[in-house]
Amino acid sequence: MINHPDIPLGHIIPAHQTFGWCAHCPDRTPAEELAAWQTRELRRMVDEARQSESPVHAVPLPGSNGISSCCGRPPCEFVGERVTRDPDAVTCTGPVVSQPDGEA
Ligand SMILES: [Zn+2]
Ligand SMILES: [Zn+2]
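Residues numbered from 1 in each chain as written. Chains lettered and ligands numbered in written order. Predicted model: local features only at pLDDT ≥ 70, side-chain atom pairs only at ≥ 80, totals over all residues.

**Some thoughts on the overall build of the chain**
Consideration 1: Helices and strands together make up the secondary structure of the chain, namely two helices and two strands.
Consideration 2: Out of the 104 residues belonging to the chain, those deemed buried represent 8%.
Consideration 3: Within the chain, contacts between residues separated by at least 24 positions form 34% of all contacts whose residues are at least 6 apart in sequence. (Helix = DSSP H or I, 4+ residues; strand = E, 2+ residues; numbered from the N terminus. Buried ≥ 20, exposed ≤ 12 C-beta atoms within 10 Å, placed from the backbone. Contact = placed C-beta atoms within 7 Å.)

**Quick word on the environment of T93**
Consideration 1: Locating T93 in the fold gives a position in the segment after β2 (82–84).
Consideration 2: Each C-alpha atom, one on T93 and one on V56, is 9.2 Å from the other, the two residues being 37 residues apart in sequence.

**What to know about the confidence of the model for the chain**
Consideration 1: Counting all residues, the mean pLDDT for the chain is 85, and 86% of those residues have values of 70 or more.
Consideration 2: Within the chain, the lowest mean pLDDT, 89, falls on β2, and the highest, 95, falls on helix α1 (residues 13–19). (pLDDT = per-residue confidence, 0-100.)

**Brief notes about unusual backbone geometry**
Glycine aside, residues mostly have negative phi, and peptide bonds are mostly found in the trans state.
Consideration 1: In this structure, D27 takes a positive phi of about 70 degrees despite not being glycine.
Consideration 2: Positionally, D27 belongs in the loop between α1 and α2 (30–52).
Consideration 3: Here the phi dihedral of N65 falls at roughly 60 degrees; this positive angle occurs in a residue that is not glycine.
Consideration 4: Relative to the assigned elements, N65 resides in the loop between β1 (56–58) and β2.

**Section: the environment of V90**
Consideration 1: By the secondary structure assignment, V90 is in the segment after β2.
Consideration 2: Sequence separation between V90 and P55 is 35 residues; the distance between their C-alpha atoms is 7.5 Å.
Consideration 3: Excluding residues within four positions of it along the chain, V90 makes contact with V56, H57, A58, C70 and T84.

The following block contains the structure:
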């Protein structure tokens, strides 16, 4: 068995390697660890979906002169790409602009 000096005996090694904590750590519960795994798996699936699919653009809103809010392009340029009315389904990251909250 591989020795993991950073991980206390009896703790869940994959959880420690991934999150730095596990259900056996103080102030942690099995439900918390399960939620962490589920969140991680969900993120991985979303990331994979975004990488494998072409971007989904937002449909132009009324009064926007037919320009999509996500990347400032007209839908006629979205050949072979998808558009959606659901803001949560938009995967287009748009033109590279610096966000006001500091996230690039
Ligand atoms: Zn632990
Ligand atoms: Zn777009």
